[in-house]
Amino acid sequence: MNILRTLRDKPWLHPTAAATAAQYPGPDTTAAMRILLRFILAIVGVLFFLFIITFLARSQYPDFEALAGQPWQPFTDPSRLWFNTALLACASLAIQCGLGGTRAGKLNVTVAGISAAVFFTILFLVAQFDLWMHLQSMGFYIAGSPAASYFYLLTAIHGLHLIGGLVVLSNVVFRVWYDNNPQSLTAPLRLCTTYWHFLLGVWLVLFALLTSRPETINALAAMCGF
Amino acid sequence: MQNVAIADQPDHLHDPQTFITKYVYSQDHKVIAIQYGLTAVFVGLIALVLSGLMRLQLGFPDTFDFIDPSAYLQFVTMHGMIMVIYLLTALLLGGFGNYLIPLMVGARDMVFPFMNMLSYWFYLLSVIVLLASFFVPGGPTGAGWTLYPPQAILGGTPGYDWGIILMLASLAIFIVAFTMGGLNYVTTVLQARTHGMTLMRMPLTIWGIFTATVLGLLAFPALLVSAIMMMLDKTLGTSFFMPALVSLGENLDYSGGSPVLFQHLFWFFGHPEVYIVALPAFGMVSDVLATHARKNIFGYRMMVWAIVGIGGLSFFVWAHHMYVSGMDPKFGFFFATTTLIIAVPTAIKVYNWILTLYRGNIHLTVPMLFAIGFIFTFTHGGLTGLFLGNVTVDLPLSDTYFVVAHFHMVMGVSPIMVLFAAIYHWYPLMTGRMFNERLGKIHFWFTFLGTYAIYLPMHYLGFLGVPRRYFAMGSTDFIPESAQSLNASITISALIVGLSQLIFLYNVFWSLRHGKPAGHNPWGATSLEWQTPDVPPRHGNWGHDLPKVYRWAYDYSVPGAKDDFIPQNHPISAFEQTADQHEGHK
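Residues numbered from 1 in each chain as written. Chains lettered and ligands numbered in written order. Predicted model: local features only at pLDDT ≥ 70, side-chain atom pairs only at ≥ 80, totals over all residues.

### Side note on the overall build of chain A
Part 1: Assigned secondary structure in chain A consists of seven helices and zero strands.
Part 2: Starting at the N terminus, the α and β elements of chain A follow one another as α-α-α-α-α-α-α.
Part 3: In terms of overall size, chain A is more extended than a compact globule, its C-alpha atoms giving a radius of gyration of 23 Å where 226 residues would be expected to give roughly 17 Å.
Part 4: The buried share among the 226 residues of chain A stands at 35%.
Part 5: A separation of at least 24 residues holds for 73% of the contacts in chain A among residues at least 6 apart in sequence. (Helix = DSSP H or I, 4+ residues; strand = E, 2+ residues; numbered from the N terminus. Rg over C-alpha atoms; globule rule 2.2 N^0.38 Å. Buried ≥ 20, exposed ≤ 12 C-beta atoms within 10 Å, placed from the backbone. Contact = placed C-beta atoms within 7 Å.)

See the structure below:
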C-alpha cells in the first residue's frame, strides 16, 4: 500500500533535489476540492452512523415500538416513502445527466439536468415535510414514541444536508454563469453529483432502517452487541 | 476552476489594504491564527478566574458569600468546558494549526481561505453564545463539563433552563467552526505542500496537528449527535436519553430513555478529544526540543508512527471513563487493555524526547525550559493514567481528587506547558521581536513549580477519598482535618500560579514594542516557517517564488556542515554529495 510505503521512508538519508520543474505552480484546486469532498462524506457518514447506532441501542429498551410491522403503524405500508425515494432518485439521475451534458459540451442538457435535479430535490423535501404533517395527523408526534422521534430527527438531518448541497450547487452554478465559462462546471459538478448520490445512499439506509419490522431491528441490534 | 485559491498567486496581487480587510475580515491564515489565539486566550483567562473562585471556596469554605453551591457548580462546569474546548482545542488547532501549517509545508495560505475565515467567525459566535449564558436567567449550566443527563436538564441543577440550551447551541456552533477549519488543515497538508515536501519530511508539528484534526473531524460528530439529541430532549420532550422519572415530586413525561447512551456518545468524542489536544502538543514539543538541543529528533519515523497509532487507538478506549456506569466486566477488561496499550506508543515518544536531549547541545532558553517541564508533567500525568486505566484501581479512585490531579497533569498542565513553549518559540516569528528572557524564566519557574504545588497534594487527597465536585466537604470520618489545610495550601498555590500568568501577559505586550528585533531565524531552526523572506511573514508568505525543499526538518549539527543547522530549503552542498557517494561505494 502506498501510505505504508510512505511511512517507511527514511527522510534523514540522502537529501535530494526538490524537483526539476522550474517553479511549483501551487496546489491543484480541483484535487483539493476532491479531497475536501471525501472528508465531508466521511464526516457525514460518521454522523449518520452514530445516529443509527444510537437508534439500535435505544431500540432495545422496553418502550420502543418500531414504526412498521403492525397494521396501525404508519410504515407497515411504506408506499409514500417509496414515492419520496423515487423523487430523490430522479434528482440523482438528473444531476448525473447534467454532468454527462457538461462532459459532452451540451449546454442544454446541462441546464436541463441541473434544473431537474434542483426541482426533484426540492420536491423531495416538500414531500418529506408533507409526510411529517401526515404522521402528525395520525397522532405520531416527535415526542410520542422513540421511533417517531428518530424518524423526525433523521429525516430532518438528512434534509438539512440536502439543503446544504443545494446552497453549494447554486453557488457553483451562479459562479459559472457569472464567469460565462461552462467548461469550468465539470469538476465542481462532478463533486456535487457524488454528494447527491451519497445522500441518496444515506436515505436508502435510513429508509430501510426506519421501516424495518421489530424482528429486523432486534437482529441488527444483536449483531451490534446491544 | 475559476475560483483560483489565494495559494496559487504571488502575494502582491491581493495584499489587503484597509484596516478592516487586513485585520478584521482577513482571509490570511496568520491573521486568522492570531484572531483565534487572542479569543482563546481571552476565554481561557475567564476560565482561569473561575478556577481561582472554585479554589477560594475549597480552600476557605464559608468565607465568600457570593459563592453558593449553585455558583460553585457553574464555575466548575464552565471552567472545564472552556479550558478543554474553547481554549485548548481552539488555540492548538485554530491558532497554531492555522499559523504553522501553510508556513511549515511551504504554502501561501490555506487552500480554502474564505472557509477558514468563516471558521473563525463561527468560533467567535460560539464563544459569545457560551459567555451569554452568564447573563441569562438561572446563569450558565452547572451540570459538570460532561453534561450528563438526566440531571443536566432537570430542575435542581443550576442553569437547567437557559444555561444548558446555550451550552448545547454553543457546542454545535463550535463543531461547525472546527469542521470548517479542520477540513482546511487536512486539505492543505495533503494538497498544498511545496515541491520536495514529502509527507515524511514534514516537521512533527504538522504530523501532530494533521492527525489531531482527522481525529477531531471524526470525533466531534459524536458530540454533535449527543448535543442535538439532548437539545430535543430538553426542548421538545423526546426521550432519547431521559428515563421515566419523578423530579421534585412530579411525574415527568419522559419514558424509557438511556442516560448511559449519552455517556457512550460523549466519551466517544471525549477520549479522542484528549488526543486532539495532546497530539499537536506532542508535535510542537518535539520541534522545540530538537531545535533547542541542536540535535535531530530521535526516532523520527517512530514518532510519526506513534502519533498515527495513538490517534487510531484513541477511538477504542472511550469507555474507560465509564467503569462506574455499571458495565459488563468483559467490556471493562477490553477497555482497560486498549487503554494500557496506548501507553506503548506514548512511552516511545517520551523515551524519544529524552534521547533527543541525550548528548544534545542543550540551550536552556525559555521555550526549552517549558518543553522540558512538559516531559516531567506529562510523565507524571501519564503514569497516574496507568493507575486509572485499570478497572480495579479506578473504582475506588473514581470521582476523587486523584482523577482531578491526573487529568489536570496530563491534559491541563502538559498542553499548557507546550503552548507556552510554542508561544515563546514562535513569538519572534509572529511579531518580529524577542520576548524578555528574564521575565520568561520567572514565568516558567512560577508555573512549573506552582503546578506541582497544586496537583501533587491533590493525588494524596484523592487517596484519602476526598470527592471531586463537592461544594463543601462537611465533617466526614474518613477525611482528616488536615486535609483542609492541604486544600488551603493548594488554593494559595493556585492563586500564585494564576497571578504569575500576568507576568506572561505583560511580557507578551511589553515585548511587542520594546523587545529586541528578532531578525531572521533567531533560534537557528531548520523548518520552513523560519525561512520566509520577511519576518514576520507578509501576506502570501513567500514573496514571488515558493520554497523548494531538499531535506527533512531535523538536519541539526550535521558533521562537516558550516553551521549547526541546515534549513530544509538549503540546496545540497558539496560535502553532502561527497558523503553520499561514500555511502554509495560502501
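From this point, the narrative continues.
### Remarks on the overall build of chain B
Part 1: Each helix and strand in chain B was counted, giving 15 helices and two strands.
Part 2: Computed over the C-alpha atoms, the radius of gyration of chain B is 24 Å, within 12% of the 25 Å expected from 2.2 N^0.38 for a compact globule of 586 residues.
Part 3: Overall size of chain B, expressed as C-alpha extent along the three principal axes, is 85 × 55 × 50 Å.
Part 4: In chain B, which comprises 586 residues, the share counted as buried stands at 56%.

### Some points on the interface of chain A and chain B
Part 1: Between chain A and chain B, the contact holds 48 residues from the first and 56 residues from the second.
Part 2: Per-element accounting of the side of chain A that touches chain B gives the leading share, 16 residues, to helix H2 (residues 29-58) of chain A.
Part 3: Considering only residue class, the side of chain A that touches chain B consists of 30 nonpolar, eleven polar and seven charged. (Nonpolar A, V, L, I, M, F, W, Y, C, P; charged D, E, K, R; others polar.)

### Notes on the packing of helix H2 (residues 29-59) of chain B against helix H4 (residues 113-132) of chain B
All names here are of chain B.
Part 1: Where H2 meets H4, the axes come as close as 10 Å, and the angle between the chain directions of the two elements is 10°. Considering their axes alone, H2 and H4 lie roughly parallel with respect to each other. Mapping the contact onto sequence places His29, Ile32, Gln35, Tyr36, Thr39 and Val43 in H2 and Asn116, Met117, Tyr120, Tyr123, Leu124 and Val127 in H4.
Part 2: For the contact of H2 with H4, the residue count by class is eight nonpolar, four polar and no charged. (Axes fitted to C-alpha atoms, helices over the stretch in contact; angles between N-to-C directions. Parallel < 35°, antiparallel > 145°, perpendicular 65-115°, else oblique.)

### Examining unusual backbone geometry
Trans is the prevailing form of peptide bonds, just as negative phi is the prevailing case for residues other than glycine.
Residues and elements named next belong to chain B.
Part 1: Omega for the peptide link from Pro149 to Pro150 comes to 0°, which places this bond in the cis form.
Part 2: Note that the residue after Val535, namely Pro536, is joined by a cis bond; omega there is -10°.
Part 3: Relative to the elements of secondary structure, Pro536 occurs in the loop between helix H14 (482-514) and helix H15 (574-585).
Part 4: The backbone phi angle of Asp399 is positive, close to 60°, even though this residue is not glycine.
Part 5: By secondary structure assignment, the location of Asp399 is in the loop between helix H11 (391-397) and helix H12 (401-431).
Part 6: Positive phi, normally seen in glycine, also occurs at Ser557, with a value near 50°.
Part 7: Looking at where Ser557 falls in the secondary structure, it is placed in the loop between H14 and H15.

### Regarding the nonpolar core
Residue and element names in this part refer to chain B.
Part 1: Judged by nonpolar contacts, the single largest core of 234 residues is most densely connected at Val285, Phe370 and Ala421.
Part 2: With 25 residues, the single largest contributor to this core is helix H3 (residues 69-105).
Part 3: Look past the residues within four positions of Val285 in its chain and what remains in contact with it is Ala371, Phe374, Val418 and Ala421. (Core = buried A, V, L, I, M, F, W, Y, C linked by C-beta atoms within 7 Å.)

### Some thoughts on the packing of H12(B) against helix H13 (residues 437-464) of chain B
All names here are of chain B.
Part 1: Contact geometry for H12 and H13: axes closest at 8 Å, N-to-C directions at 170°. The orientation of H12 with respect to H13, classified from their angle, is roughly antiparallel. Residues Tyr401, Phe402, Val403, Val404, Ala405, His408, Met409, Val413 and Tyr424 of H12 form the contact with H13, whose own contacting residues are Gly440, Thr451, Tyr455, Met458, His459, Leu461, Gly462 and Phe463.

### Things to note about the environment of Ala306(B)
Residues and elements named next belong to chain B.
Part 1: If you trace the backbone, Ala306 turns up in helix H8 (residues 300-313).
Part 2: Note: C-alpha distance between Ala306 and Glu576 (270 residues apart in sequence) is 30 Å.
Part 3: For Ala306, the contacting residues outside a window of four places in its chain are Pro345, Ile348 and Lys349.

### Focus: the environment of Ala244(B)
All names here are of chain B.
Part 1: Relative to the helices and strands, Ala244 resides in the loop between helix H6 (204-235) and strand S1 (246-247).
Part 2: We classify Ala244 as partly exposed; it has 13 C-beta atoms within 10 Å.
Part 3: With 91 residues separating them along the chain, Ala244 and Ile153 place their C-alpha atoms 14 Å apart.
Part 4: When near neighbours in sequence (up to four residues on either side) are disregarded, Ala244 contacts Tyr254, Ser255 and Gly256.

### Observations regarding H14(B)
Residue and element names in this part refer to chain B.
Part 1: Between its first and last C-alpha atoms H14 spans 48 Å; for 33 residues at 1.5 Å apiece the expected length is 48 Å, and the two agree.
Part 2: Every buried residue of H14 is accounted for by Asn487, Ile490, Ser493, Ala494, Val497, Phe504, Asn507 and Ser511.
Part 3: In this structure, the buried side of H14 is in contact with H2 and H13. (Expected span 1.5 Å × (residues − 1).)

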